[in-house]
Amino acid sequence: MPAHFVPRTRQDTAYVDIPADTITPRRTFLRYRVTQDSCCSDNVYLQWGTATWQRTYLARSVRTYRSYFTPMLVQETPDYLVLWQGCATDCFALLFLPLNQTEPPQTIDDVVGYNLQNYTVVHGLLGPEQENEKEFVQAYNVKTKQKKRIVFHHAANRVAHSKAIDSCWIDSHRIYLRATLAAGASQQQEVVEHLTLPNDIRPR
């Protein structure tokens, strides 16, 4: 952790394109801090907490990218501050900052759909996580830490496979997905596939 943060009130460019500090209706604060220390000047430090506790999350090197890579508050739930951030040019991630002093923060990249009432997120699988071209997204529950396999009958025909998902809808009982996939091995024709799965990874 750097020894000295740049004060937010300084009239310089330290906080250009960095979201403003906030206090939520539940009286949780979220503060953005930067440092001029040469080792860490590309980082943004998110401080969050209440009158009785405070934690810090390191958003490493985000100042070297465009401003939407810096996490921005979306919503406060009873359990988390939920923030949105870019993870690529056409990709976004969700950052969950726990409203307790023990649970680690969680970042989920390549989000396809989510429901913050039951904390279920559908996201793309990247690199070695991806089993095959028919299993390129999965459901994950932030609260229970459970994962659910999602396997289509047809293969994705996009370079970024998660972009084959046309729509995603999640409630407390179901996960629904609509995808445009390759109709055959040649990938010259497309087929629309619908999946409806039980949301059995949600908190009980």
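Residues numbered from 1 in each chain as written. Predicted model: local features only at pLDDT ≥ 70, side-chain atom pairs only at ≥ 80, totals over all residues. Heavy atoms only, no water.

A. A look at the sheet that holds strand E11 (residues 137–141). Spatial ordering of the open sheet is given by E9-E10-E11-E12, a layout of four strands whose pairing is antiparallel. Whereas interior strands pair on both sides, the edge strands pair on one side only; in this sheet they are strand E9 (111–115) and strand E12 (147–150). On average, adjacent strands in this sheet sit at an angle of 15° to one another, irrespective of strand direction. (Pairing = 2+ DSSP bridges. Helix = DSSP H or I, 4+ residues; strand = E, 2+ residues; numbered from the N terminus. Axes fitted to C-alpha atoms, helices over the stretch in contact; angles between N-to-C directions.)

B. Examining the pattern of salt bridges more closely. Scanning the model with the defined rule gives seven salt bridges in all. With a shortest N-O distance of 2.7 Å, Glu 135 and Arg 149 are connected by a salt bridge. Highlighted residues: Glu 135 in the loop between strand E10 (120–124) and E11 and Arg 149 in strand E12, separated in sequence by 14 residues. Among the salt bridges present, the one from Arg 174 reaches Asp 171, with a minimum N-O distance of 3.0 Å. (Salt bridge = Lys/Arg side-chain N within 4 Å of Asp/Glu carboxyl O.)

C. Highlighting the state of the cysteines. One pass over the structure, following the stated rule, counts one disulfide. Between Cys 87 and Cys 91 runs a disulfide, and the two sulfur atoms are separated by 2.0 Å. As the torsion about the S-S bond is roughly -65°, the Cys 87-Cys 91 disulfide counts as left-handed. (Disulfide = S-S within 2.5 Å.)

D. The arrangement of the packing of aromatic side chains in detail. This model, assessed by the stated rule, comprises eight aromatic pairs. Relative to Phe 69, the ring of Tyr 68 has its centre 4.9 Å away and its plane inclined at 25°; by these criteria the two rings are stacked. Given the relative accessible area of 22%, Tyr 68 is considered partly exposed. Linked through ring pairs, Tyr 65, Tyr 68, Phe 69, Trp 84 and Phe 92 together constitute an aromatic cluster. If you follow Arg 31 out to its NZ or CZ, it ends over the ring of Phe 29, 3.8 Å from the centre. (Phe/Tyr/Trp six-rings, centres within 6.5 Å; stacked < 30°, edge-to-face > 60°. Buried < 20%, exposed > 50% of the residue type's maximum accessible area, 1.4 Å probe, protein only. Lys NZ or Arg CZ within 6 Å of the ring centre and 35° of its normal.)

E. Highlighting the environment of Val 111. Looking at where Val 111 falls in the secondary structure, it is placed in strand E9. Under the relative-accessibility criterion, Val 111 is labelled buried at 7%. For Val 111 and Ser 162, which are 51 residues apart along the polypeptide, the C-alpha to C-alpha distance reads 8.7 Å. Leaving out residues up to four positions away in the same chain, Val 111 has contacts with Phe 92, Ala 93, Leu 94, Val 121, Val 122 and His 123. (Contact = heavy atoms within 4.5 Å.)

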